[in-house]
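One-letter residues, chain by chain:
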Amino acid sequence: RDYPASRHSTDEAPNSFEEITNYNNFYEFGWNKDDPARYAHALTTDPWAIEIGGLVDRPGSYDLADVLKGQVLEERICRFRCVEAWSMVIPWIGFELAGLLNRVGVQPGAKYVAFQTLLRPGEMPGQRGGGIDWPYVEGLRLDEAMNPLTILATGLYGEEMPKQNGAPIRLVVPWKYGFKSIKSIVRITLTAEQPPTTWQALQPREYGFYANVNPEVDHPRWSQATERRISSSLFAGRQETLMFNGYADEVAGLYAGMDLSVNY
Amino acid sequence: MLRLAGLANAGSRRLPEWAVWLAGLIPLAWLVWLTFTGGLGVDPVRGIEHRLGKTGLWFLIGTLAIPPLRALTGVNLLRHRRAVGLLSFLYIALHLTAWIWLEMGLLWAQAIRDLARRPYLFFGITAFLLLLPLALTSNKAAIRGLGRNWRRLHLLVWPAAGLGVLHYLWQMKIVSAEGWIWAAILAALLIWRVIQPWIRTRRQKIRPGIRAESLSD
């Protein structure tokens with residue numbers, strides 16, 4: 001299917017469908033990059049509902065069709081930068097998270113949005129092992145969540161979201177490291193307090209709540225100054241990582257006055 | 001068991017060194033094949049790098065496993081230890097080349113800065129530098145020339161293997177089961193290496209006693 005092109009799309013060439021669907025960090029299905037492609041087919045994504053709650057006017061369990069009601073799906077080609085210093089360009093299909101939040105009515109006291117991934121060890125073999133305190137959780141500050149760059153994606157390359165990429169619905173926050181873009185969402189909660197996030201809870205020294213792409217703040221174990229664009233070529237080399245993954249014009253204002261080496 | 005060991009030893013004695021080299025190069029040939037047939041998935045750079053590193057580590061731990069293998073099963077592969085060790089060095093050197101060339105895209109300045117500042121890279125490069133003199137002295141002339149010091153020098157294989165395993169564990173976001181298995185194998189080999197001389201001297205002390213007892217029966 002063809003979707004209208006977003007004005008927020010990058011003009012960089014997207015990675016191939018094969019690359020995007022065979023190189024995934026989705027620890028619910030295993031530790032290796034090819035585990036999600038191997039095991040995610042077992043995931044049941046229909047029926048699907050998202051429990052929306054917390055400081056909202058209209059809380060409740062929203063069926064996926066209901067979540068999408070009234071939202072305009074568009075194709076948005078985004079740079080995707082993993083905290084592991086590799087990157088891709090992905091043509092997502094999705095809509096702005098702000099559209100959904102406005103529909104359920106955000107109450108004045110809400111300052112953060114918390115997200116949760118499906119917990120279903122029977123279909124997600126990675127959840128049967130240790131290492132991570134399941135379910136996976138993530139969070140955004142409300143102004144980050146309301147930014148037009150933040151989308152809920154339901155597909156890529158014009159097709160339904162492949163299961164290994166977070167079917168049926170996932171977050172995409174293109175100026176943050178990939179682990180912020182939580183997959184297979186079943187719960188969205190508006191809160192007054194900053195919610196816990198999985199990687200920060202696991203390794204607070206290495207992964208912060210903000211996780212903005214920032215070439216000047218290194219991961220304690222590796223540099224973030226450059227990145228390797230996933231490519232079938234052996235000699236593609238590396239490219240400079242851009243501040244906020246190249247979206248500084250749109251989002252730098254959100255962090256005015258903040259020390260980003262402290263709020264990493 | 002002893003018969004099996006005897007057969008293995010007869011085979012090992014007849015096995016020429018070039019055959020060990022040929023067998024040791026199979027993983028490399030397989031990697032080249034996978035690279036050119038698209039068998040490494042969508043990120044061949046990572047596949048090449050990781051496979052070279054892991055194969056190097058396997059061979060390195062393989063050289064350390066040869067003496068306990070003989071002590072525990074009687075299978076004597078000592079005469080092939082040099083080939084296994086040099087194969088290990090070859091894979092590790094190729095791993096380093098793949099990192100600087102394919103992964104870092106020959107960005108030498110960033111590569112050197114990272115080597116100094118990132119523990120896992122520092123462990124890796126230190127292990128390589130420790131192995132370098134061992135590879136250079138793995139020949140008859142050096143063994144003759146160095147005398148007793150050759151054995152002392154080649155004890156460096158232990159810190160090199162330790163740093164190699166640390167390097168492998170440290171680059172993971174979370175250490176996998178496989179990572180812990182390799183750490184455990186190395187720890188077991190090290191424990192064996194430390195207590196084995198002690199066991200040997202104890203055995204030598206006990207044996208005359210046993211003989212005397214059996215004579216008195």
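Quantities reported herein were computed from a predicted structural model and do not represent experimental measurements.

**Looking at the overall build of chain A**
Within chain A, the secondary structure is distributed over seven helices and 12 strands. Put simply, chain A has 264 residues, and 59% of those count as buried. Mean positive and mean negative side-chain charge positions of chain A (25 and 33 charges, respectively) differ by 3 Å.

**Some points on the overall build of chain B**
Of regular secondary structure, chain B possesses 11 helices and zero strands. Shown N-terminal to C-terminal, the secondary structure of chain B runs as helices and strands in the order α-α-α-α-α-α-α-α-α-α-α. With respect to the three principal axes, the spread of C-alpha positions in chain B is 75 × 40 × 35 Å. Counting the 217 residues in chain B, one finds 39% classified as buried. Summed over all atoms, the accessible surface of chain B reaches about 12900 Å², with 69% contributed by carbon and sulfur. Positive and negative charge centroids in chain B, built from 26 and 8 side chains respectively, lie 11 Å apart.

**Examining the pairing of strand 10 (residues 185–191) of chain A**
Residue and element names in this part refer to chain A. Along strand 10, five of the seven residues are buried, which leaves the element largely enclosed by surrounding structure. Judged from the six bridges that link them, strand 5 (residues 112–117) and strand 10 form a sheet pairing that is antiparallel. In the sheet register, Phe115 faces strand 10, and the bridge partner there is Ile188.

**Structural notes on the side chain of Ser6 of chain A**
Residues and elements named next belong to chain A. Topologically, Ser6 is positioned in the segment before helix 1 (17–22). Looking at Ser6, its side chain comes within polar contact range of the main-chain nitrogen of His8, at 2.9 Å. Within the local environment of Ser6, its side chain forms a polar contact with the side chain of Glu74, the two groups lying 2.9 Å apart. Each residue touching Ser6, except ones within four places of it in the same chain, is listed here: Glu74, Glu75 and Arg76.

**Overview of the nonpolar core**
Soluble globular proteins tend to bury their nonpolar side chains together. Membership of the largest hydrophobic core comes to 74 residues, with the highest contact counts inside it found for Trp92, Phe115, Leu171, Trp175 and Ile188 of chain A. Here this core gets five residues from one element, more than from any other, and that element is strand 4 (residues 86–96) of chain A. When residues no more than four places from it in sequence are discounted, the contact partners of Ile188 of chain A are Ile50, Glu51, Ile52, Gly53, Leu100, Val113, Ala114 and Phe115 of chain A. Membership of the second largest hydrophobic core comes to 22 residues, among which are Phe128, Val157, Val165 and Leu169 of chain B.

**As for the side chain of Gln110 of chain B**
Mapped onto the elements of the fold, Gln110 of chain B is located in helix 6 (residues 108–117). A residue is classified by how much of its surface remains accessible, and Gln110 of chain B, at 6% relative accessible area, is buried. Contacts of Gln110 of chain B, omitting those with residues within four sequence positions, involve Ser223, Thr226 and Arg238 of chain A together with Met104 of chain B.

**With respect to the confidence of the model for chain B**
Residue and element names in this part refer to chain B. Confidence along chain B averages 89 in pLDDT terms, with 94% of residues attaining 70 or more. Averaged pLDDT values over the elements of chain B bottom out at 77 in helix 11 (residues 177–216) and peak at 97 in helix 5 (residues 81–103). When the criterion is pLDDT under 50, residues 209–217 qualifies, and its contacts beyond four places in sequence or with other chains add up to zero contacts.

**Overview of the sheet that holds strand 5 of chain A**
All names here are of chain A. Reading across the sheet, the five strands line up as 2-1-10-5-6 and stay open at both edges, with mixed pairing between neighbours. Lying at the two open borders of the sheet, with one neighbouring strand each, are strand 2 (60–63) and strand 6 (137–141). Averaged over all neighbouring strand pairs, the angle between strand axes comes to 20°, with direction disregarded. Pairing geometry for strand 1 (residues 49–54) and strand 10, over four bridges, is parallel. Within the sheet, the bridge partner assigned to Gly53 lies in strand 10 and is Thr189.

**Details of the packing of helix 2 (residues 17–24) of chain B against helix 5 of chain B**
Residue and element names in this part refer to chain B. Across the interface, helix 2 lies against helix 5 with an axial gap of 10 Å and an inter-helix angle of 30°. Viewed along their axes, helix 2 and helix 5 form a crossing whose handedness is right-handed. Residues Glu17, Val20, Trp21 and Gly24 of helix 2 pack against Arg82, Ala83, Val84, Leu86, Leu87 and Tyr91 of helix 5. Among the residues making up the contact of helix 2 with helix 5, the classes are represented as seven nonpolar, one polar and two charged.

**Digging into the UniProt feature "transmembrane region" (unreviewed entry) in chain B**
On the UniProt side, "transmembrane region" (unreviewed entry) is annotated at positions that read residues 18–36, 56–72, 84–102, 122–143, 155–173 and 179–195 of chain B here. Secondary structure content for residues 56–72 of chain B is 100% helix and 0% strand, while the C-alpha to C-alpha distance between its ends is 24 Å.

**So, a nonpolar patch on the surface**
Residue and element names in this part refer to chain B. A cluster of nonpolar residues, Leu190, Ile191, Val194, Ile195, Trp198 and Ile199, forms a patch on the protein surface that exposes about 580 Å² of accessible area. Assignment of secondary structure puts Ile191 in helix 11. What makes Ile191 exposed here is its relative accessible area of 52%.

**Let's talk about a negative patch on the surface**
On the surface, a cluster of negative charge is contributed by Asp46, Asp63, Glu159 and Glu160 of chain A. Here Asp63 of chain A lies in strand 2.

**Describing the pattern of salt bridges**
For the structure on display, the rule yields 23 salt bridges over all chains. Glu96 of chain A is the partner of Arg76 of chain A in a salt bridge, and the nearest nitrogen-oxygen pair spans 3.1 Å. One end of the pair, Arg76 of chain A, is in strand 3 (residues 74–81); the other, Glu96 of chain A, is in strand 4, with 20 residues separating them in the sequence. Classification of Arg76 of chain A as buried rests on a relative accessible area of 1%. Residues joined in a network through salt bridges with shared partners are Asp218 of chain A together with Asp114, Arg117 and Arg118 of chain B.

**Looking at the pairing of strand 5 of chain A**
All names here are of chain A. For strand 5, the buried fraction is high: five of the six residues fall into the buried class. Here five bridges tie strand 5 to strand 6, and the two strands are oriented antiparallel to one another. For Tyr112, the partnering residue across the bridge sits in strand 6 and is Arg141.

**Considering helix 5 of chain B**
Under the 1.5 Å per step criterion, the end-to-end length of helix 5 of chain B is 31 Å for 23 residues, consistent within 8% with the ideal 33 Å. Gly105 of chain B, located one to two residues past helix 5 of chain B, shows a positive phi value of around 55°.

Cut-offs applied
- Residues numbered from 1 in each chain as written.
- Chains lettered and ligands numbered in written order.
- Predicted model: local features only at pLDDT ≥ 70, side-chain atom pairs only at ≥ 80, totals over all residues.
- Heavy atoms only, no water.
- Helix = DSSP H or I, 4+ residues; strand = E, 2+ residues; numbered from the N terminus.
- Buried < 20%, exposed > 50% of the residue type's maximum accessible area, 1.4 Å probe, protein only.
- Lys, Arg positive; Asp, Glu negative; His and termini not counted.
- Charge placed at Lys NZ, Arg CZ, Asp CG, Glu CD.
- Areas by Shrake-Rupley, 256 points an atom, 1.4 Å probe, with all protein chains shown as cover.
- Pairing = 2+ DSSP bridges.
- Polar contact = N/O pair within 3.5 Å; in protein donor to acceptor, adjacent residues only side chain to side chain.
- Contact = heavy atoms within 4.5 Å.
- Core = buried A, V, L, I, M, F, W, Y, C linked by side-chain atoms within 4.5 Å.
- pLDDT = per-residue confidence, 0-100.
- Axes fitted to C-alpha atoms, helices over the stretch in contact; angles between N-to-C directions.
- Left-handed = near helix turned anticlockwise from the far one by under 90°.
- Nonpolar A, V, L, I, M, F, W, Y, C, P; charged D, E, K, R; others polar.
- UniProt positions renumbered as here; feature names shortened; annotations may be inferred.
- Patch = residues over 30% accessible without salt bridge, like charges linked within 9 Å, V, L, I, M, F, W, Y side chains within 5 Å.
- Salt bridge = Lys/Arg side-chain N within 4 Å of Asp/Glu carboxyl O.
- Expected span 1.5 Å × (residues − 1).

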